[in-house]
Amino acid sequence: MKKSLVWFAIVFPLYVLSTGPIAWATNDGLHPAYLPDEVNLIYLPLAPLARIECVNDFFYYYTAVLWGGFPAGYTTL
C-alpha cells in the first residue's frame, strides 16, 4: 500500500505537469483551436479539477502563458 502511495505521489504531479509541454508541442499552427481529441482523451481525467477556479487559473497560466500554448495548445481542461 505504501509503495502505491509513493508511486502515485511521483506519477500524478508529472502527469499534471505534462500538460504544459503538450500545449507547447501542439501550438504549431497545424492543430485546431484546442488540443487534438486524442490528447484531450489522455487528459480527460483532469477535467473535474477545472471546476475549481484556482486550479483552472493554474492550468491557464501554466499551459497558455508559461509554456506558450496559446492558441492551439491552450486548454482549460
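Our subject is the structure listed above.
What counts and how
- Residues numbered from 1 in each chain as written.
- Predicted model: local features only at pLDDT ≥ 70, side-chain atom pairs only at ≥ 80, totals over all residues.
- Heavy atoms only, no water.
- Helix = DSSP H or I, 4+ residues; strand = E, 2+ residues; numbered from the N terminus.
- Buried < 20%, exposed > 50% of the residue type's maximum accessible area, 1.4 Å probe, protein only.
- Contact = heavy atoms within 4.5 Å.
- Core = buried A, V, L, I, M, F, W, Y, C linked by side-chain atoms within 4.5 Å.
- Patch = residues over 30% accessible without salt bridge, like charges linked within 9 Å, V, L, I, M, F, W, Y side chains within 5 Å.
- Areas by Shrake-Rupley, 256 points an atom, 1.4 Å probe, with all protein chains shown as cover.
- Salt bridge = Lys/Arg side-chain N within 4 Å of Asp/Glu carboxyl O.

### Here we look at the side chain of threonine 19
Okay, so step 1: Take threonine 19: it is sitting in helix α2 (residues 19–25).
Okay, so step 2: We classify threonine 19 as buried; its relative accessible area is 5%.
Okay, so step 3: Setting aside chain neighbours within four positions, we find threonine 19 in contact with Tyr43, Leu46, Phe59, Tyr62 and Thr63.

### Structural notes on the nonpolar core
Okay, so step 1: In this structure, Val16, Val39, Tyr43, Leu46 and Phe59 together form the largest nonpolar core, which totals five residues.
Okay, so step 2: Dropping the residues within four chain positions of it, valine 16 is found in contact with Leu46 and Phe59.

### Here we look at a nonpolar patch on the surface
Okay, so step 1: A surface patch of nonpolar side chains, about 640 Å² in accessible area, is lined by Trp24, Tyr60, Tyr61, Val65, Leu66 and Trp67.
Okay, so step 2: In terms of residues, the nonpolar patch owes the most to one element, helix α4 (residues 53–66), which gives four residues.
Okay, so step 3: Looking at the secondary structure, you find tyrosine 61 in helix α4.

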